[in-house]
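What follows is the residue order along each chain.
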Amino acid sequence: MKVYFSLLRIRVINGLQYRAVAIGSILSRFAWGLMEILAFYALHRTNGTKFVMTFSETVSYIWMQQALFILFQVVYSDREIVTAINDGSIAYELVRPIKLYNSWFVQCMANRISPTLLNCMPVLIIAAFVVPKYRIHFPPFLNLMLFLISTILALAVVVALALLMHISMFYTTSPRGIRIIVTAMTTFFSGGIIPLPYFPEPVLKIVEILPFASMQSTPLLIYSGLVTNMEAVQGIGLQCIWLLILIATGMFLMNRTLSRVVVQGG
Amino acid sequence: MKFYLRLFTINLKSQMQYKMSFWMTSLGQFVTAFTSFFSIQFIFMQVDAVDQFTYGQVLLCFSVIMMAFSIGEALGGGLASFSYIVNSGNFDRMLIRPRNIIMQIIIPHMDLTRIGLLVQGIIVICLAIPLSGISWNIGKAILLIAMIICGTILFFCLFLIKATVSFFTIESLDFLNIFTYGARQFGRYPLSAYGPKVLWLLTFCVPLALIQYYPLLYLTDRGSSLWYFCAPFLSLIFAFPCYLFFRIGLRSYKSAGS
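Reading guide: rules and limits
- Numbering of residues starts from 1 in every chain and runs along the sequence as written.
- As a convention, the first chain written is A and the first ligand written is 1, with the rest following in written order.
- With the structure being a predicted model, the display of local features is reserved for residues of pLDDT at least 70 and the display and counting of side-chain atom pairs for 80 or more, all residues being used for whole-chain, interface and lining totals.
- Going along the chain from the N terminus, every DSSP run of H or I of four or more residues is numbered as a helix, and every run of E of two or more is numbered as a strand.
- Put simply, the radius of gyration uses C-alpha atoms, and a globule should come to 2.2 Å times the residue count raised to 0.38.
- Whether a residue is buried, exposed or partly exposed follows from its count of other C-beta atoms within 10 Å of its own C-beta, namely 20 or more, 12 or fewer, or something in between, respectively; the C-beta atoms are built from the backbone.
- Two residues qualify as a contact pair if the distance between their C-beta atoms, derived from the backbone, is within 7 Å.
- Gly falls in the polar group here, along with every residue not listed as nonpolar (Ala, Val, Leu, Ile, Met, Phe, Trp, Tyr, Cys, Pro) or charged (Asp, Glu, Lys, Arg).
- Think of it as the arc spanned by the lines of direction from the helix axis to the C-beta atoms.

A. Molecular detail of the overall build of chain A. Along chain A, the regular secondary structure elements total 11 helices and 0 strands. The linear arrangement of helices and strands in chain A, starting from the amino end, is α-α-α-α-α-α-α-α-α-α-α. On C-alpha atoms alone, chain A measures out to a radius of gyration of 19 Å, which is about the 18 Å that the 2.2 N^0.38 rule sets for 266 residues. With the C-alpha coordinates aligned to their principal axes, the bounding extent of chain A is approximately 60 × 40 × 35 Å. When each of the 266 residues of chain A is scored for burial, the buried share is 42%.

B. Here's a closer look at the interface of chain A and chain B. With 32 residues of chain A in contact, the opposing surface of chain B contributes 35 residues. Elements supplying a minimum of two residues to the side of chain A that touches chain B: α2 (19–47) and α8 (175–189) of chain A. Tallying contributions element by element places α2(A) first for the side of chain A that touches chain B, with 15 residues. Residue composition of the side of chain A that touches chain B, grouped by class: 22 nonpolar, 8 polar and 2 charged.

C. Expanded view of helix α13 (residues 226–234) of chain B. Residues and elements named next belong to chain B. Residues of α13 that are buried include every one of Phe-229, Ala-231 and Pro-232, and no others. End-on view of α13: buried residues confined to an arc of 135°, all on one side of the axis. Summarising the geometry of α13, the exposed residues directed more than 90 degrees from the buried face are Leu-226 and Trp-227.

D. Region of interest: unusual backbone geometry. All names here are of chain B. Even without glycine at this site, Gln-52 takes up a positive phi of about 65°. If you trace the backbone, Gln-52 turns up in the loop between β1 (49–50) and β2 (53–54). A positive phi is found at Asp-221, a non-glycine position, where the angle reads about 60°. Here Asp-221 is to be found in the loop between α12 (213–219) and α13. Among the residues examined, Asp-221 registers 11 C-beta atoms within 10 Å and is labelled exposed.

Okay, here's the thing in structure tokens:
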């Protein structure tokens, strides 16, 4: 366990080094968030009462989403893993006395945590000081705790799914198409384009139980205050179930794949 | 011209070498556009207008932007690899060739998989034209085509700016994505929906509103001023500072590789 923790720590510190890139992404996250909010403002101005989600809940949802943007990216440049598969340096990884699935899992987590650590505070601080209409609100303590638990689980679900995608790359030489499709599907069904409560009722019923909803919708909805505490706990339960299923599938496929992987070149 | 055509065929052939990969990526682009389309669809199942624009009119906005973006990115998206060309020193090799430098960069890097987005755009525009409730005539048809063509040029210019920045900095600038990928995302609603300040910015700084909002006013008979009709053509002025910026970047270029 200790070795995976140190791996995580090294990766996070490594990622924290690129500060110039961070300023650029903070600015762009802020601009994205603002544009999204203005778009929803236009919708609510025209037909405010028709939606399940109120405008102020939407505002909180969007700001938190922008602050944690990278944390919830299934397709993110996990460069070491992609190169390891492509150039065969995976052979070295296999020699090491640690489980490849676990070490990739922490690598992927770290890749997402360190940029988020840099981005989230500035974005949230700006979001807390914009004009009151577009300001993020802070939920009561209990919700905040539930939100934190749910966020960690969401990250784990995201990484578990990302690893399934990486494993699929053992079988294909052209990951680009898969990456684009996975990005589109996960973003849409996890509430990345519009929050899930804006989906029409019958569609929502199905989408809610898919693993994608566990990825960012659950924590963000808890934060925005749309769901009751009971629903929040249910959501967290569902996240746990999906996490176990995805990890089990991932480990199974990984073992199967590694038992027949052929490394070319030397 | 013949030379550029040849370069293009070589590029096409090389992308088609991996057919499976090509079609998968195109499919991916199509799915991406599809999710955007569905997000509009879902919203409009609950409301019937955004900022007084109806479902059909919003779809028209969406498809015009999608088509302009897809062609603009197919041409200019390859400029993203510009920073690699500069870093690897291959740019020096291009500079000594007696051909236009921009053409030399864009043709081999044209990304034809954007056809996935384009197909989506065409399907949606076919839906939107009858749904929008616009009384079509020759002038309006010309205006619609002008919106798409001028939009393409505008998006290309934005990608050119993004690429030029890599002359000055080795970091890629995330922030500029808001005007390219962001415009694709936010251009789905008429830009007036974002309030007067944003509209002002998108009229005078980055003239996206000129290819979307103002011509739409003319199309939907909200304004019959000739200015609205000319708006897409006026957006072409944006190309001059972009090209100038590129020339300045080129002049300050210092070789980076060997």
